[in-house]
Amino acid sequence: MRSLSIATGASDPAGHKNMLYLIRLRWIAVLGQITTISVVTLGLGIHLPMPQMLSVLACLIAFNIGSHLRWQENPIVTNNEMFLALLVDVATLTAQLHFSGGTTNPFAFLYLLQVILSAVLLDAWATWTIVVITGACLAGLALFSRPLPLLLENQDDFARLYVIGTLICFLLNAGLLVILIKHITGNLRERDARLANMRQRAAEEEHIVRMGLLASGAAHELGTPMATMSVLLGDWLRMPEFTGNAVLQEEISEMQTQLQRCKTIVTGILLSAGELRGESSAKTMLRGFLGEMLVEWRNNRPVVAFSYEDQLPNDIPVVFESALKQTIFNLLDNALEASPLWVGLVTSTEGDVLKLAVSDRGPGFAPAMLAQFGKPYQSSKGRPGSGLGLFLVVNVIRTLGGTVEARNLEQGAVVEIRLPLSAIVVE
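Numbers given to residues run from 1 along each chain, matching the order in which its sequence is written. Residue-level local features of this predicted model are given only where pLDDT is at least 70; pairs of side-chain atoms are given and counted only at 80 or more, and the full residue set underlies all totals for whole chains, interfaces and linings. Side-chain descriptors were evaluated using all non-hydrogen atoms of the structure, hydrogens and water having been removed beforehand.

A.B. asks: How should I be thinking about the nonpolar core in this particular structure?
C.D. replies: Side chains that are nonpolar tend, in soluble globular proteins, to be buried together. Membership of the largest hydrophobic core comes to 38 residues, with the highest contact counts inside it found for Leu286, Trp297, Phe306, Leu332, Val343, Val404 and Ile424. Mapped onto this core, the elements with two or more residues apiece are helix 10 (286-299), strand 3 (317-321), helix 11 (322-338), strand 4 (343-350), strand 5 (353-360), helix 13 (388-399) and strand 7 (413-420). Going along the chain from the N terminus, every DSSP run of H or I of four or more residues is numbered as a helix, and every run of E of two or more is numbered as a strand. Sorting elements by how many residues they give to this core places helix 11 first, with seven residues. Those residues in contact with Ile424, other than ones at most four positions away along the chain, are Pro317, Val318, Val319, Phe320, Leu324, Leu354 and Leu419. We define a nonpolar core as any set of buried Ala, Val, Leu, Ile, Met, Phe, Trp, Tyr and Cys residues linked to one another through side-chain atoms lying within 4.5 Å. The classification of residues rests on relative accessible area computed with a 1.4 Å probe and restricted to protein chains. Under 20% of the type maximum is buried, over 50% is exposed, and intermediate values are partly exposed. The contact criterion used is simple: two residues touch if any of their non-hydrogen atoms lie within 4.5 Å.

This is how it looks when you write it as structure tokens:
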């Protein structure tokens with residue numbers, strides 16, 4: 001089994017849950033000791049040193065109450081603190097065994113429970129320390145503790161009670177270990193899954209940074225030739241060879257329009273990459289921003305039918321950056337590629353969350369792609385390198401504290417952005 005290393009002091013939900021499981025186990029131990037003492041004294045008539053055993057029980061209860069209060073408020077559990085908690089359990093078990101027959105008490109096998117828990121929960125050095133301490137405690141009980149006098153008088157009763165106690169101890173060890181190990185290993189799996197998600201997210205963000213650097217470099221390199229082309233086209237419009245030709249004049253004007261669009265795209269890339277940030281955001285109203293954005297998108301795309309449904313309860317002042325605008329464009333472009341004849345957009349709010357739902361009437365997402373939605377190079381278009389648009393959408397929205405979800409409809413699919421209004425609203 002793997003040990004749970006929590007010595008760094010960082011917040012570890014798995015370590016905190018495991019400590020809470022130990023506290024619950026300690027309450028079970030308290031209940032078991034009270035039951036055992038009652039049965040032995042009242043049912044079997046065996047005399048026990050009650051003041052000493054009840055004192056140990058009171059100390060265990062006090063320690064567990066203190067542990068409960070501390071770990072309900074403090075989510076950070078270190079290896080040393082877990083080690084100390086197990087040492088207290090070993091000490092109380094040793095004291096109770098000393099007052100109730102030492103190694104002749106079949107519940108001495110409960111030491112195995114402490115050793116196995118330490119192997120699962122502690123670092124290697126702490127586990128071996130527990131092994132040494134429990135071994136020393138067992139040896140001390142064998143040397144210095146004495147069997148209960150009443151049991152020595154009747155060897156047959158002693159043998160029968162020892163067998164029964166051993167069976168009960170085995171059932172306790174087995175039952176508690178199965179329950180605790182399943183919960184503890186479940187915590188470890190959750191921790192491993194969380195760490196894997198964090199590593200995946202870090203890799204994706206590194207991928208985005210590299211793409212941003214590449215796009216920024218390409219945009220800088222494209223700036224000079226586009227400026228040269230703009231000057232040349234302006235000169236052509238004034239040359240006698242072109243001024244008298246209406247067809248050429250119209251084509252040159254169209255070339256200038258497309259060149260201006262390329263300049264806008266390059267500027268957007270630089271803004272999204274973090275350059276010219278002073279101009280990358282604008283204060284506006286939500287409805288005005290969405291309306292202007294959709295007009296720009298429709299004017300530059302071959303849209304046959306577009307449905308826009310505004311369900312916003314009221315208009316609000318917001319600040320939008322070019323990266324968010326490009327994110328919405330990416331969603332609309334993906335929907336248009338999947339469904340060239342119809343694209344829909346519904347805007348609404350749900351509490352303090354802005355919802356943008358882009359839908360289409362295309363073939364929908366494959367089940368495998370839905371399972372890996374937002375991962376790079378996952379695409380329904382069947383082309384190498386596709387899927388980066390949705391990958392960027394998911395990561396931009398995630399950076400702003402929102403989420404992106406996709407699902408299939410009876411005809412087509414819908415991708416929904418949920419963005420906290422606090423990320424865009426002007427205070």
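There's plenty left to go through after this.
A.B. asks: Is there a simple way to think about the packing of aromatic side chains in this case?
C.D. replies: Working definition: an aromatic ring pair is given by the centre-to-centre distance plus the angle between the planes. Think of it this way: a Phe, Tyr or Trp ring, Trp meaning its six-membered ring, pairs with another when their centres are within 6.5 Å, and the plane angle makes it stacked under 30 degrees, edge-to-face over 60, tilted otherwise. Under the criterion given, the structure shown has two aromatic pairs. Ring centres of Trp297 and Phe306 lie 5.5 Å apart, and the angle between their planes is 55°; on these two criteria the pair is classed as tilted. Looking at Arg301, its charged tip hangs above the ring of Phe329, at a distance of 5.1 Å from the centre. Lying across the ring of Trp342, Arg361 places its NZ or CZ 4.1 Å from the centre. Throughout this description, the term charge over a ring refers to an Arg CZ or Lys NZ atom that lies within 6 Å of the ring centre and within 35 degrees of the ring normal.

A.B. asks: What is the right way to read the pattern of salt bridges from this model?
C.D. replies: It is possible for side chains of opposite charge to pair when their charged atoms get near one another. In the sections that follow, a salt bridge refers to a side-chain nitrogen of Lys or Arg positioned within 4 Å of a carboxyl oxygen of Asp or Glu. Applying the stated criterion across every chain, the model contains nine salt bridges. Glu350 is paired through a salt bridge with Lys355; the nearest N and O atoms lie 3.3 Å apart. With a shortest N-O distance of 2.9 Å, Glu350 and Arg418 are connected by a salt bridge. With a gap of 68 residues between them, Glu350 in strand 4 and Arg418 in strand 7 connect regions that are remote in the sequence. Under the relative-accessibility criterion, Glu350 is labelled partly exposed at 41%. One continuous salt-bridge network, built from bridges that share partners, spans Glu350, Lys355, Glu416 and Arg418.

A.B. asks: Just to check I follow, could you spell out the pairing of strand 7 for this structure?
C.D. replies: Within a regular strand, the side chains alternate between the two sheet faces. Counting buried positions along strand 7 yields six of eight residues, so the element is predominantly enclosed. Two strands pair when backbone bridges link them, and strand 5 and strand 7 are joined in this way by eight bridges, in the antiparallel orientation. Bridged to Leu354 within strand 7 is Leu419. Two strands pair when backbone bridges link them, and strand 6 (residues 403-408) and strand 7 are joined in this way by six bridges, in the antiparallel orientation. If DSSP finds at least two bridges between two strands, the strands pair.

A.B. asks: It is not clear to me how the layout of surface pockets should be interpreted in this structure. Could you clarify?
C.D. replies: One way to see where empty space is left: roll a probe the size of a water molecule over the atoms. Buriedness of a pocket was judged along seven lines, with at least five required to meet protein on both sides within 12 Å; pockets are open sets of points on a 1 Å grid over the protein atoms alone, cavities are sets where a 1.4 Å probe fits but cannot get out, and lining residues have an atom within 4 Å of a point. Grid points are joined across faces, edges and corners, and a volume is the space filled by probe spheres set on the points. Estimated volume of the second largest pocket: approximately 1,100 Å³. In this structure, the second largest pocket is lined by 42 residues; those nearest its centre are Gly32, Thr36, Asn105, Phe107 and Leu110. When residues of the lining of the second largest pocket are traced back to their parent elements, those giving at least two are helix 1 (13-43), helix 2 (50-73), helix 3 (79-98), helix 4 (111-121) and helix 7 (155-238). For the lining of the second largest pocket, the leading source of residues is helix 1, giving 13 residues. Residues that form the lining of the second largest pocket fall into these classes: 28 nonpolar, 12 polar and two charged. Amino acids are sorted into nonpolar (Ala, Val, Leu, Ile, Met, Phe, Trp, Tyr, Cys and Pro), charged (Asp, Glu, Lys and Arg) and polar (every other residue, Gly among them).

A.B. asks: Quick question: what am I supposed to make of the packing of helix 3 against helix 4 here?
C.D. replies: Any two packed helices are characterised by how steeply their axes cross, that is the angle between the axes, and by the distance between the axes. Angles shown run from 0 to 180 degrees and are taken between the N-to-C directions of axes, each axis being a line fitted to C-alpha atoms and, for helices, limited to the stretch in contact. Contact geometry of helix 3 with helix 4 gives a least axis separation of 10 Å together with a crossing angle of 175°. When the axes of helix 3 and helix 4 are compared, the pair comes out roughly antiparallel. Between helix 3 and helix 4, the contacting residues are Asn79, Met82, Leu86, Asp89, Val90, Leu93, Thr94 and Leu97 on the first element and Tyr111, Gln114, Leu117, Ser118 and Leu121 on the second. Grouping the amino acids of the contact of helix 3 with helix 4 by side-chain chemistry returns eight nonpolar, four polar and one charged. If an angle is under 35 degrees, it is roughly parallel; if it is over 145, roughly antiparallel; if it lies from 65 to 115, roughly perpendicular; otherwise it is oblique.

A.B. asks: Mind showing me how you'd approach the sheet that holds strand 4 here?
C.D. replies: Think of a sheet as strands paired side by side through backbone hydrogen bonds, with each pair either parallel or antiparallel. Read from one edge of the open sheet, five strands run 2-4-5-7-6, paired in mixed fashion. Edge positions in the sheet fall to strand 2 (306-310) and strand 6, since each of these pairs with one other strand and no more. Neighbour-to-neighbour, the strand axes of the sheet open up by a mean angle of 15°, direction not taken into account. Where strand 4 meets strand 5, eight bridges bridge the pair, whose relative direction is antiparallel. Paired with Leu345 across the two strands is Val358, which belongs to strand 5. Packed onto the sheet, helix 10 meets strand 2, strand 4 and strand 5 and runs at close to 180° relative to strand 2.

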